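# Architecture at a glance
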Amino acid sequence: MRSSAAAASILALAGGAGARQARAAGTDKSHRPLPFENHTVSDIARRLAASAYKAPDQTLPKAISNLNFDQFSSIAFRPDMALWHGQNLAFDVEFFPRGYLYSPKIDIYEVVDGQYAPVPYNPDMFTYGDPALRVTDDIGFSGLRLRYAINTPGVMEEFCVFLGASYFRAVARGQNYGLSARGFADGTGDAARGEEFALFRAFWLERPQPGMDLVVLHALLDSPSLAGAFRFTIRPGDMTIFDVQSTLFPRVAISESGIAPLTGMYYFDANDRSHIDDWRPAAHDSEALQIWTGSDQQLFRPLRNPLDLQFSAFSDISPRGFGLMQRRRTFRDFEDLALNYEKRPSLWIEPIGDWGPGSVDLVEIPTPNEVNDNIVSFWRPKDPLKAGHEYPYAYRMYWGADTPFPTRLARIGETRVGMVTDHKDGRFFAIDFTGAPFEDLAPDAKFHLIPQTSAGNIRNVVVEPNPHIKGWRTTFEFYPGDAKIAELSAVLANDQGTVSEKWMYRWTP
């Protein structure tokens with residue numbers, strides 16, 4: 001490992017003792033690494049937040065200053081140059097070049113035995129589709145990918161990426177990439193003010209011990225409004241789990257904060273395709289927002305691709321969890337040979353500790369195609385974040401096929417919506433329920449649906465067995481009248497009480 005002026009780059013921004021330590025490192029002829037402890041990144045973030053924001057370097061040599069997607073993609077990292085390659089460790093790390101959408105220079109360090117030093121850049125770490133794209137300047141990296149033998153023993157495969165702003169994503173065994181997460185959201189869905197995107201501007205990678213199936217990554221968050229420190233303990237497998245410890249340091253008061261934000265794409269499905277002309281049954285990273293409230297309610301809110309931006313807030317106190325879920329898991333659900341939506345992960349957030357009052361927010365943005373991420377969900381604390389204060393948030397992230405917590409409640413299988421025959425002013429809803437309550441039923445078992453709406457009225461409720469799914473189908477007609485928006489909900493019940501999670505739905509024209 002080496003220590004040089006590069007090691008000083010992020011510390012120099014923080015001022016005080018950090019800057020003095022960095023300057024010493026930059027002139028230390030012995031190239032000794034700097035000490036690293038669990039609080040090192042928090043200390044840097046705290047000092048950073050106490051000073052004015054300075055954007056990271058985005059200057060690039062002319063040859064790569066205007067890369068398009070194909071040019072950027074043609075610059076490939078060489079696997080034999082990966083960090084920890086050939087060291088008999090369970091993980092190795094590859095890096096992304098700068099350019100295209102990823103201009104900021106991101107500082108990346110390796111931590112070994114309580115000390116850290118920068119990962120040195122070398123243009124020969126990459127191969128180039130066009131030799132003219134190879135530049136010899138020490139331009140550094142834009143992000144990183146973690147690799148692990150997640151599917152086949154002895155075969156290293158990418159399972160996690162940190163690239164662009166504070167975005168990162170991961171998969172479990174047998175999955176393809178889908179939705180992403182972020183370190184922090186600020187102003188999401190605020191069309192008047194606009195959204196501010198924080199940046200992970202430095203990473204510290206702890207070299208794992210031989211035989212360890214977890215890797216620890218530290219990240220420094222920065223934006224005009226706040227700085228932050230993150231520690232990710234990452235365990236890939238049948239369900240890939242991130243343990244996240246974060247501390248946020250606002251520079252200014254933040255009233256529209258988003259903790260543990262999730263971002264994905266929803267184009268259409270059977271509940272919302274009236275303005276989509278597409279040959280497939282569905283196309284989306286996630287089909288619903290699921291919430292386990294602090295009062296022990298299980299909520300399931302199918303997503304939509306609305307004609308106008310929609311913002312929903314589900315007020316709660318100390319939620320047990322929330323996530324963007326993909327329950328559809330067969331090829332016939334999507335019929336897409338290339339994109340394999342059925343293999344995309346759900347992502348469940350389990351708060352650790354008491355998060356207090358606030359809301360799980362959902363932003364649904366219109367999109368004309370499946371290219372754009374148009375769904376965002378996060379936890380918004382009730383009280384604004386105050387400048388000069390510190391806000392710790394710990395949570396666990398589960399990337400996998402479903403939530404990590406099985407339930408005995410009946411689950412929403414599918415939501416289908418269409419026109420009521422002979423009544424163009426009405427909408428027909430069909431909701432399928434599956435799961436444990438329908439196992440070993442008596443022949444005379446009966447269930448009933450309890451629907452509600454905030455506007456208009458509901459008619460002609462029908463509940464009947466659906467043997468094709470070993471569950472039950474419920475249908476009803478909704479007549480909005482003059483309403484421009486309606487919040488619909490329903491639960492399935494028997495004579496003893498509710499047996500299902502709560503279906504929720506926002507109707508708009």
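What you see is a predicted model, and the numbers here were worked out from it, not measured in a lab. (Residues numbered from 1 in each chain as written. Predicted model: local features only at pLDDT ≥ 70, side-chain atom pairs only at ≥ 80, totals over all residues. Heavy atoms only, no water.)

### Description of the overall build of the protein chain
On a plain count of helices and strands, the protein chain comes out with four helices and 34 strands. Its C-alpha atoms give the protein chain a radius of gyration of 25 Å, near enough to 23 Å, the size a compact globule of 509 residues would have. Relative to its full complement of 509 residues, the protein chain shows a buried share of 55%. Here the analysis covers contacts within the protein chain between residues at least 6 apart in sequence; of these, 67% occur between residues at least 24 apart. For the protein chain, the distance from the average position of its 51 positive side-chain charges to the average position of its 62 negative side-chain charges is 4 Å. (Helix = DSSP H or I, 4+ residues; strand = E, 2+ residues; numbered from the N terminus. Rg over C-alpha atoms; globule rule 2.2 N^0.38 Å. Buried < 20%, exposed > 50% of the residue type's maximum accessible area, 1.4 Å probe, protein only. Contact = heavy atoms within 4.5 Å. Lys, Arg positive; Asp, Glu negative; His and termini not counted. Charge placed at Lys NZ, Arg CZ, Asp CG, Glu CD.)

### Details of the environment of isoleucine 241
Along the chain, the position of isoleucine 241 falls in strand E15 (residues 240-250). For the pair formed by isoleucine 241 and glutamine 290, sequence separation is 49 residues and the distance between their alpha carbons is 18 Å. What isoleucine 241 contacts, discounting residues up to four positions off in sequence, is Thr233, Ile234, Arg235, Arg396, Met397 and Tyr398.

### A short note on the side chain of arginine 147
Locating arginine 147 in the fold gives a position in strand E7 (residues 143-148). Side-chain polar atoms of arginine 147 contact the side chain of aspartate 92, separated by 2.9 Å. Sequence-distant contacts of arginine 147, defined by excluding residues within four places in its chain, comprise Pro79, Ala90, Phe91, Asp92, Glu94, Met156, Glu157, Glu158 and Phe159. (Polar contact = N/O pair within 3.5 Å; in protein donor to acceptor, adjacent residues only side chain to side chain.)

### Examining the environment of tyrosine 53
Structurally, tyrosine 53 can be placed in the loop between helix H3 (40-49) and helix H4 (69-73). Tyrosine 53 gets classed as partly exposed once you look at its relative accessible area, which sits at 30%. With 170 residues separating them in the primary sequence, tyrosine 53 and serine 223 have C-alpha atoms 6.8 Å apart.

### Structural notes on the layout of surface pockets
Considering only enclosed or pocket space, the largest pocket measures out at about 870 Å³ in volume. Mapped onto the lining of the largest pocket, the elements with two or more residues apiece are H4, strand E2 (75-77), strand E3 (91-96), strand E8 (157-163) and strand E9 (167-170). Its residues assigned to classes, the lining of the largest pocket shows 21 nonpolar, four polar and seven charged. (1 Å grid on protein atoms, 1.4 Å probe; cavity = no way out; pocket = protein on both sides within 12 Å on 5 of 7 lines; lining within 4 Å. Points joined across faces, edges and corners; volume = space filled by probe spheres on them. Nonpolar A, V, L, I, M, F, W, Y, C, P; charged D, E, K, R; others polar.)

### Quick look at a nonpolar patch on the surface
On the surface, Phe69, Tyr100 and Leu101 cluster together into a nonpolar patch covering about 320 Å² of accessible area. Examined against the element boundaries, tyrosine 100 turns out to sit in the loop between E3 and strand E4 (107-112). We classify tyrosine 100 as partly exposed; its relative accessible area is 31%. (Patch = residues over 30% accessible without salt bridge, like charges linked within 9 Å, V, L, I, M, F, W, Y side chains within 5 Å. Areas by Shrake-Rupley, 256 points an atom, 1.4 Å probe, with all protein chains shown as cover. Salt bridge = Lys/Arg side-chain N within 4 Å of Asp/Glu carboxyl O.)

### Section: the nonpolar core
Soluble globular proteins tend to pack their nonpolar side chains together in the buried interior. In this structure, Phe162, Phe232 and Phe242 are the most contacted members of the largest nonpolar core, which totals 85 residues. With near-sequence residues (within four places) excluded, phenylalanine 242 lies in contact with Cys160, Phe162, Phe168, Ala170, Phe232, Thr233, Ile234, Tyr395, Arg396, Met397 and Trp399. Core analysis: the second largest hydrophobic core is formed by 24 residues, Val417, Ala455, Phe476 and Trp507 among them. (Core = buried A, V, L, I, M, F, W, Y, C linked by side-chain atoms within 4.5 Å.)

### Some points on empty space enclosed by the protein
Tallied over the full model, the rule gives five cavities of 30 Å³ or more. Its boundaries defined by the atoms lining it, the largest cavity holds a volume of some 100 Å³. When residues of the lining of the largest cavity are traced back to their parent elements, those giving at least two are strand E20 (298-302) and strand E27 (411-420). Element by element, the count of residues in the lining of the largest cavity is highest for E27, at four residues. In this structure, the second largest cavity occupies an estimated 70 Å³ of space. Of the residues belonging to the lining of the second largest cavity, the class tally is nine nonpolar, no polar and two charged.

### A word on the sheet that holds strand E30 (residues 457-466)
The strands that make up a sheet are held in pairs by hydrogen bonds between backbone atoms, and each pair lies either parallel or antiparallel. Spatially, four strands are ordered E27-E28-E31-E30 in an open sheet, and the strand pairing comes out antiparallel. Each edge of the open sheet is held by one strand with a lone partner, namely E27 and E30. Taken over all neighbouring pairs, the strand axes of this sheet differ in orientation by 15° on average, direction set aside. As judged from the eight bridges shared by E27 and strand E28 (residues 423-434), these two strands associate in the antiparallel manner. Pairing of isoleucine 412 across the sheet is with phenylalanine 433, part of E28. (Pairing = 2+ DSSP bridges. Axes fitted to C-alpha atoms, helices over the stretch in contact; angles between N-to-C directions.)

### A look at the environment of isoleucine 291
One can find isoleucine 291 in strand E19 (residues 288-292). Given a relative accessible area of 3%, isoleucine 291 falls into the buried group. For isoleucine 291 and glycine 323, which are 32 residues apart along the polypeptide, the C-alpha to C-alpha distance reads 6.6 Å. Excluding its chain neighbours within four sequence positions, the residues that come into contact with isoleucine 291 are Gln297, Gln298, Leu299, Phe314, Gly321, Phe322, Trp348 and Val360.

### Digging into the packing of aromatic side chains
With the rule as written, the count across this model stands at 46 aromatic pairs. With a centroid separation of 5.7 Å and an interplanar angle of 50°, the aromatic rings of phenylalanine 242 and tryptophan 399 are classed as tilted. Taken together, the positions of phenylalanine 242 in strand E15 and tryptophan 399 in strand E26 (residues 391-400) put the pair 157 residues apart, joining distant regions of the chain. Relative accessible area serves as the criterion here: at 0%, phenylalanine 242 is assigned to the buried category. Tryptophan 399 sits in the buried class, given a relative accessible area of 0%. Cluster of aromatic residues (ring-pair linked, three or more members): Phe162, Phe168, Phe200, Phe203, Phe230, Phe232, Phe242 and Trp399. For the cation-ring pair, arginine 280 lies above tryptophan 279, with the distance from its terminal atom to the ring centre recorded as 5.8 Å. (Phe/Tyr/Trp six-rings, centres within 6.5 Å; stacked < 30°, edge-to-face > 60°. Lys NZ or Arg CZ within 6 Å of the ring centre and 35° of its normal.)

### Brief notes about unusual backbone geometry
Within the chain, tryptophan 84 stands out as a residue other than glycine whose phi angle is a positive 80°. As for its placement among the helices and strands, tryptophan 84 is situated in the loop between E2 and E3. You will see that asparagine 460, though not glycine, has its phi angle at about 55°, which is positive. Mapping asparagine 460 onto the fold places it in strand E30.

### Some remarks on the pattern of salt bridges
The tally for this structure, following the rule as stated, stands at 35 salt bridges. In this structure, arginine 380 and aspartate 361 form a salt bridge, with 3.5 Å as the shortest nitrogen-oxygen distance. Here arginine 380 is found in strand E25 (residues 375-381), whereas its partner aspartate 361 is found in strand E24 (residues 357-364), with 19 residues between them in sequence. In this structure, arginine 380 and aspartate 361 share a single accessibility class: buried. As a salt-bridge pair, glutamate 487 and arginine 506 come within 2.7 Å of each other at their nearest N and O atoms. One end of the pair, glutamate 487, is in strand E32 (residues 486-494); the other, arginine 506, is in strand E34 (residues 502-507), and 19 residues separate them in sequence.

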